[in-house]
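Structure assessment
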Amino acid sequence: MKINGILFLVILSSFFLATSVHAQDNAVQSDVYRIVTNDGNTYIGTLVSENDTEVVIRTESVGEITLQRSNIKSMEKIDPKRIREGEYWHENPHSTRYLFSTSAIGLRKGEGYYQNTWIFFNNVNYGVTDNISLGAGLIPTFLFGTGSVPFWIMPKLSIPISTESFHIAAGGLFGGVLGEENAGVGLAYGIATVGNRDSNLSLGLGYGYADGTWADIPLINVNGMYRFKKNMYFISENYFVTAGGETLGLLSVALRWAPENFALDFGLLRPTDTGGEFIGVPWLGIAIPFGK
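Not measured: the values here are computed from a predicted model.

This part takes up the layout of surface pockets. Its boundaries defined by the atoms lining it, the second largest pocket holds a volume of some 680 Å³. Around the second largest pocket, the lining comprises 36 residues; the ones closest to its centre are Phe 100, Ser 101, Leu 173, Leu 187 and Tyr 239. For the lining of the second largest pocket, the elements supplying multiple residues, two or more each, are β11 (149-162), β12 (166-178), β13 (185-195), β14 (200-210), β16 (219-229), β17 (232-243) and β18 (246-257). In terms of residues, the lining of the second largest pocket owes the most to one element, β14, which gives five residues.

Moving on, we come to the sheet that holds strand β1 (residues 32-37). As summarised here, the arrangement of the five strands in space is β4-β3-β2-β1-β5, forming an open sheet in which the pairing is antiparallel. The sheet is open, and its two borders are formed by β4 (63-68) and β5 (72-78), each paired with just one other strand. Between one strand and the next, the sheet's axes are offset by a mean angle of 40°, whatever the strand orientation. Summarising the sheet, strand β3 (residues 54-59) and β4 pair through six bridges and their orientation is antiparallel. Within the sheet, the bridge partner assigned to Val 56 lies in β4 and is Thr 66.

Here the focus is the pattern of salt bridges. The full count for this structure, using the stated rule, is 12 salt bridges. The shortest N-O distance in the salt bridge between Lys 77 and Asp 31 comes to 3.2 Å. Taken as a pair, Lys 77 in strand β5 and Asp 31 in the loop between α1 (5-19) and β1 lie far apart in primary sequence, 46 residues in all. In this structure, Asp 198 and Arg 227 form a salt bridge, with 3.0 Å as the shortest nitrogen-oxygen distance. Separated by 29 residues along the polypeptide, Asp 198 in the loop between β13 and β14 and Arg 227 in strand β16 bring together distant segments of the chain. On the accessibility criterion, Arg 227 (1% relative accessible area) is buried. Taken together, the shared-partner salt bridges connect Arg 82, Arg 84, Asp 198 and Arg 227 into one network.

In this section: the packing of aromatic side chains. Each aromatic ring pair is specified by the distance between its two centres and by the angle formed by the two planes. Per the counting criterion, the structure on display carries five aromatic pairs. Each ring, one from Tyr 126 and one from Phe 290, has its centre 6.4 Å from the other, and the planes form 10°; the classification is stacked. With Tyr 126 in strand β9 (residues 121-127) and Phe 290 in strand β20 (residues 281-291), this residue pair connects regions lying 164 residues apart in the sequence. For Tyr 126, a relative accessible area of 38% gives the class partly exposed. When the ring of Tyr 209 is compared with that of Trp 214, the centres are 4.9 Å apart and the planes differ by 45°; the resulting orientation is tilted. Members of the aromatic cluster, each reached through a chain of ring pairs, are Phe 174, Tyr 209 and Trp 214. The side chain of Arg 97 reaches across the aromatic face of Phe 100, ending 5.7 Å from its centre.

Thresholds applied
Position labels on residues start from 1 in each chain and follow its written sequence. In keeping with the model being predicted, local features are shown solely for residues with a pLDDT of at least 70 and side-chain atom pairs are shown and tallied solely at 80 or more, while totals for entire chains, interfaces and linings include all residues. As a convention, hydrogens and water are excluded, and side-chain values are obtained from all of the structure's heavy atoms. Definitions used throughout: a 1 Å grid over protein atoms alone; a cavity as a set of points that fits a 1.4 Å probe which cannot get out; a pocket as an open set with protein on both sides within 12 Å along at least five of seven lines; a lining residue as one with an atom within 4 Å of a point. Grid points are joined across faces, edges and corners, and a volume is the space filled by probe spheres set on the points. A run of H or I in DSSP becomes a helix once it reaches four residues, and a run of E becomes a strand once it reaches two; helices and strands are each numbered from the N terminus. Two strands are counted as paired when DSSP detects at least two bridges linking them. A fitted line through C-alpha atoms serves as each axis, taken over the contacting stretch for helices, and the angle formed by two N-to-C directions is quoted from 0 to 180°. Criterion for a salt bridge: a side-chain nitrogen of Lys or Arg within 4 Å of a carboxyl oxygen of Asp or Glu. When a residue's accessible area, from a 1.4 Å probe over protein chains only, is under 20% of the maximum for its type it is buried; when over 50% it is exposed; and in between it is partly exposed. Only the six-membered ring of Trp is used, alongside the rings of Phe and Tyr, when aromatic pairs are assigned; centres must lie within 6.5 Å, and planes under 30 degrees apart are stacked while those over 60 apart are edge-to-face, with the rest tilted. We call a charge positioned above a ring when the Lys NZ or Arg CZ atom is no farther than 6 Å from the ring centre and deviates by at most 35 degrees from the ring normal.

Spelled out as structure tokens, the structure:
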């Protein structure tokens, strides 16, 4: 199988980047808070004291400061490990999925997200428990006057072997077309993920079916995510299948821009058996988290 050299290096580098451990410049502290005031300022520091009218914290940049509770918009305790070079890195707002494929990391109970790709592909996923999530999606073809609506459901069981570094999961994607009689199509998979919610690598194996018949060859899935800036991630999602003595693949490279309240993915998908003149098919998707 011939794979574009640049994409191969990207996938290989994803492995090393996803499994590396970020060096932390700050010693682990207790009771570190992030306070946002009504005028939009943000302060991060250790809690010195508090009462009904004011809060005193000690910051690295300006030392000890006193804030009136009437001027505080929000106050939350944060993980000191998320402070990097004096800046708070918020949690990944779309940590359990790459472009379309999921990782073995699960949604927490009460967490959910809505995902839209190229306007027409819509997914909603929700954490029923810390280990079980359920998703559903559809293509709203009814907007164009057709009575046939493609839909799918996506159950997933996630098991953390090591909460911070290794997860396994099993699940599936099962779909059909509303308004038509058919046996449906789908995919059952197992996947393992090494790394955390910011940077990780996943290896998956799945078997598809159509019209009640299961495939006899597996689909292999290799994905990577690496957070290299506060709001930026590198993502690669790749599929491989062997048929007729030949291995075919679908490769992708993408960037994710993810402030606290949404995640925007943009990248390229490229089959492995295309000529050098074909660059790739663009990917554009957005995910909006909700719940806890």
